[in-house]
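Topology and contacts: notes
Single-letter residue listing:
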Amino acid sequence: MQTSRGLVAALILLFASLAAAQDIEVSVDRSELARGETLIFTIRVFDQRQGMQLDLTPLTKNFDVLGTRTSSQIRVVNGVVDAWTDYIVTLFPLNEGELIIPALSINNAITKAITIVVVNEGPRSNQSSEELFLEIEVNKDSVYVQEQLLFTVRLFYTINGIRNPQFTELEMPDTVIQLIGSPNQYEKVIDGVRYGVYEKRYVIFPQRSGSLEIPDILFRGEVTDGSSNFVFRNLNTRRVTAFIEGIDIEIKARPLTTRDSRFWLPVANLSLQEQWSSDLDNLQVGDTLIRTITMVADGLDGAVLPPFSAAEIDGANLYPDPPTIERTFVDGSIVGTRVESTSIVAIDSGIIDIPQISIPWWNIDTDQLEATVVPATRLVIATIEGVVPAEQRVASTANLEELLAPVPVVDQDMIDAQAEAEFIEVDAAWLKYSIMLAFAVVAFSIYKLAIAPNNAEIAAFIRDLKDQLVAKYSPENNERVAFGRLRAGCRGKDLILLRATLIQWCNHFIDERRVHSMEDILQQQQAPELHAPAQQIQSALFSIESGQSDRRGFDARALISLVARLRKQKLRRNQRNRRRQQYALPPLYKTS
């Protein structure tokens, strides 16, 4: 009897899953589109009685999910009621060629996969090319390694009301990339048509020779028709996109003539300027001079300019100040400045030679090696002496014979004997004991008057301080400690502990949401690389046998390597953001 009931239950579940599979349909608005265009992917769920959450994570491999919305409808035909809900997803293809919209698991049903084709039709947008198009520009087709490359991307548009403009993030390996100020906005007339221009300028420093591939630039934004009412603001919006192919830049290696030089400065111009705090004439021993040398390089950041002041000078002591490093942009080109000031104190009389400074640099305009020189300087240092008259007249009423009497001879033995006779030896043992006793009395008085009456308050203060230190270095409040516990969990065999430490670390790392469970890790999109190991941990925990976790199929070493890489990437992003905020310039044009 129980067997038949189980069979009936299994058949019911089977038919229910088949029915659910038939109640979901997927479709796209087109199967072929050009690079830079968007795609509408629709998931239709029939007879839906309650809301549901869709896991769109599988789509992020080949697409950017730009937006989602829902639409519910009910239709009655000959007394038959049909109801369905459409989940409408706007997708942006990330690559060219055949792309697959993967199957999704929804309500115990698996949707079918859909294949689309993305073709490259050159620079284009989903609007008319007269309304919206992109342009990129570089100042050179080839540069030397570590030479600046100026890159500009411009969006031309005649459409009003573009909101939330987003460009492809410019990231390339083995390069240092800096955004020049804030994006510029201005107008330009082309063939009698007035365009609005949204411009972003970058300076790129390639760190390795070879071919540098600047990626394709994609633009995404929203356009409103300007209509609104009291309740809904800017309700009628549509997405606009534009695309332009990237370019390849040749990165040349250092010339052979500079391989042995400790300096490699590929710039358009390099200058050195020397200043002294006072006149170099009439110097004496003990005088202080401040020597300031300013290096200005047209084409490099001040942070990469090398130190150049002398470390030692015979006959003088040097006291260098911390260098002043600056960076500015002139006509879109970076100009770096390094200022070194050194206080020079003469300690010997005579001649002090300050050697010349010679900085070799590569002229990128003439393609030749040059050098900028600060000439050597010679200082003449005089000895400090009192003013002594050449003749001294002595007035006296004494007898001439007494004045001409011989000078008495000083006996050194007599002086030493007198000094020994006047020296009195004192036993100072009692003085040491008196000092020790005084210190003991002072310490006891401090304890009785200050510490003992406030013993409870001091103990409470120490406890609070200890609690603060424990809280600061607890895994709940310290990402580094949480990472250490996760690394220790990966070396162990307890998957339950590993899951807890992974959740704890992700709660520090993920910024877009709070992470309290493995489901939160699977739903976040900031680090989709964590989805696979999280699912593996969940699967391994479900296969627990005899009270021990089964770690088969789970690679803990790969997890800790992935987490370490994510931490390093986030640290670099934060550093870039701090540098951009530190060196950000105000926009050149006012925007409304």
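Bear in mind the structure is a predicted one, so any value in this text is a computation, not a measurement.

A word on the overall build of the chain. Helix and strand counts for the chain come out as 10 helices and 32 strands. Counting every atom, the chain has about 37900 Å² of accessible surface; 52% of that belongs to carbon and sulfur.

Moving on, we get to the layout of surface pockets. Computed from the structure, the largest pocket encloses a volume of approximately 1200 Å³. Lining the largest pocket are 32 residues, and of these Asp-64, Leu-94, Glu-169, Glu-171 and Arg-220 lie nearest its centre. Among the elements that make up the lining of the largest pocket, the one with the highest residue count is helix α10 (residues 556–583) (six residues). For the lining of the largest pocket, the per-class residue count stands at 11 nonpolar, 10 polar and 11 charged.

Across seven bridges, the pairing between strand β27 (residues 324–330) and strand β28 (residues 333–346) is antiparallel. Following the sheet pairing, Phe-329 is matched in β28 by Ile-334. Connecting β27 to the next strand, β28, in antiparallel fashion are two residues, including Asp-331 with a positive phi near 55°.

Our next topic: the packing of helix α6 (residues 479–491) against helix α7 (residues 495–509). For the pair α6 and α7, the least separation of the axes is 9 Å and the interaxial angle reads 155°. Comparing their axes, α7 and α6 come out roughly antiparallel. Two packed elements cross with a definite hand, and for α6 against α7 that hand is left-handed. Contacts between α6 and α7 involve Glu-479, Ala-482, Phe-483, Arg-485, Leu-486, Gly-489 and Cys-490 from the former and Leu-497, Leu-498, Thr-501, Leu-502, Gln-504, Trp-505 and His-508 from the latter. Within the contact of α6 with α7, the residues separate by chemical class into eight nonpolar, four polar and two charged.

As a further point, take the sheet that holds strand β6 (residues 97–101). With mixed pairing, three strands are arranged side by side in an open sheet as β2-β9-β6. Unpaired on one side and paired on the other, β2 (32–34) and β6 mark the two borders of the sheet. Each neighbouring strand pair of the sheet contributes to a mean axis angle of 30°, computed without reference to strand direction. Where β2 meets strand β9 (residues 114–119), three bridges bridge the pair, whose relative direction is parallel. Paired with Glu-32 across the two strands is Val-117, which belongs to β9.

It is worth spelling out the packing of α7 against helix α9 (residues 531–542) at this point. The relative placement of two packed helices is expressed as an angle between their axes plus a distance between the axes. The contact between α7 and α9 brings their axes to 10 Å, and the two run at 150°. Overall, the two elements α7 and α9 adopt an arrangement that is roughly antiparallel. Read as a crossing pair, α7 and α9 show a hand that is left-handed. For the pair formed by α7 and α9, the contact residues are Leu-495, Ile-496, Leu-498, Arg-499 and Leu-502 on the first element and Ile-537, Gln-538, Ala-540 and Leu-541 on the second. Looking at the contact of α7 with α9 residue by residue, the classes come out as seven nonpolar, one polar and one charged.

So, about the environment of Arg-567. Examined against the element boundaries, Arg-567 turns out to sit in helix α10. The class of Arg-567 is partly exposed, set by a relative accessible area of 25%. For Arg-567 and Glu-479, which are 88 residues apart along the polypeptide, the C-alpha to C-alpha distance reads 9.9 Å. Among residues more than four places away in sequence, those in contact with Arg-567 are Glu-479, Arg-480, Phe-483, Trp-505 and Phe-509. Only 2.6 Å separates the side chain of Arg-567 from the side chain of Glu-479, close enough to count as a polar contact.

What follows deals with unusual backbone geometry. Residue Asp-174 is not a glycine yet carries a positive backbone phi of 60°. Secondary-structure assignment places Asp-174 in the loop between β14 (162–167) and β15 (175–179). Even without a glycine there, the phi angle at Asn-282 is positive, about 60°. Relative to the assigned elements, Asn-282 resides in the loop between β23 (269–276) and β24 (283–284).

It is worth spelling out the side chain of Lys-570 at this point. Looking at the secondary structure, you find Lys-570 in helix α10. Lys-570 sits in the buried class, given a relative accessible area of 14%. Engagement of the side chain of Lys-570 in a polar contact is seen with the backbone oxygen of Phe-509, the distance being 2.7 Å. Those residues in contact with Lys-570 that lie beyond four places of it in its chain are His-508, Phe-509, Asp-511 and Gln-526.

Next up on the list: the pairing of strand β21 (residues 247–252). As paired elements, strand β12 (residues 142–144) and β21 share three bridges and run parallel to each other. In the sheet register, Tyr-144 faces β21, and the bridge partner there is Lys-252. Pairing of strand β18 (residues 210–214) with β21, which is carried by five bridges, proceeds in the antiparallel orientation. Bridge pairing in β21 links Ile-214 to Ile-247.

Considering every residue of the chain, the mean pLDDT works out to 79; 80% of them sit at 70 or more. The low-confidence segment residues 386–401, where pLDDT is below 50, has two contacts with residues more than four positions distant or belonging to other chains. In this model residues 587–592 is a low-confidence stretch, pLDDT under 50, and it forms eight contacts with partners more than four residues away in sequence or in other chains.

This part is about the sheet that holds strand β22 (residues 266–267). Ordered in space as β22-β30-β31, the three strands form an open sheet in which the pairing is mixed. Strand pairing shows two members of the sheet lacking a second neighbour, β22 and β31 (368–374), which therefore form its edges. Pairing geometry for β22 and strand β30 (residues 357–363), over two bridges, is parallel. Bridge pairing in β30 places Pro-266 opposite Trp-362.

With that out of the way, let us pick up the environment of Gly-302. Structurally, the position occupied by Gly-302 is in the loop between β25 (288–298) and β26 (316–320). Spatially, the C-alpha atom of Gly-302 lies 7.4 Å from that of Val-335, the residues being 33 residues apart in sequence. Here Gly-302 is in contact with Ile-325, Glu-326, Gly-336 and Thr-337, once residues within four sequence places are set aside.

Okay, a nonpolar patch on the surface next. A cluster of nonpolar residues, Val-442, Ile-446, Tyr-447, Ile-451, Ile-458, Phe-461, Ile-462, Leu-465, Leu-469 and Tyr-473, forms a patch on the protein surface that exposes about 960 Å² of accessible area. Sorting the residues of the nonpolar patch by element identifies α4 (429–451) and α5 (455–472) as the ones contributing at least two each. It is α5 that contributes the most residues to the nonpolar patch, five residues altogether.

Basis of the calculations
Residues numbered from 1 in each chain as written. Predicted model: local features only at pLDDT ≥ 70, side-chain atom pairs only at ≥ 80, totals over all residues. Heavy atoms only, no water. Helix = DSSP H or I, 4+ residues; strand = E, 2+ residues; numbered from the N terminus. Areas by Shrake-Rupley, 256 points an atom, 1.4 Å probe, with all protein chains shown as cover. 1 Å grid on protein atoms, 1.4 Å probe; cavity = no way out; pocket = protein on both sides within 12 Å on 5 of 7 lines; lining within 4 Å. Points joined across faces, edges and corners; volume = space filled by probe spheres on them. Nonpolar A, V, L, I, M, F, W, Y, C, P; charged D, E, K, R; others polar. Pairing = 2+ DSSP bridges. Axes fitted to C-alpha atoms, helices over the stretch in contact; angles between N-to-C directions. Parallel < 35°, antiparallel > 145°, perpendicular 65-115°, else oblique. Left-handed = near helix turned anticlockwise from the far one by under 90°. Contact = heavy atoms within 4.5 Å. Buried < 20%, exposed > 50% of the residue type's maximum accessible area, 1.4 Å probe, protein only. Polar contact = N/O pair within 3.5 Å; in protein donor to acceptor, adjacent residues only side chain to side chain. pLDDT = per-residue confidence, 0-100. Patch = residues over 30% accessible without salt bridge, like charges linked within 9 Å, V, L, I, M, F, W, Y side chains within 5 Å. Salt bridge = Lys/Arg side-chain N within 4 Å of Asp/Glu carboxyl O.

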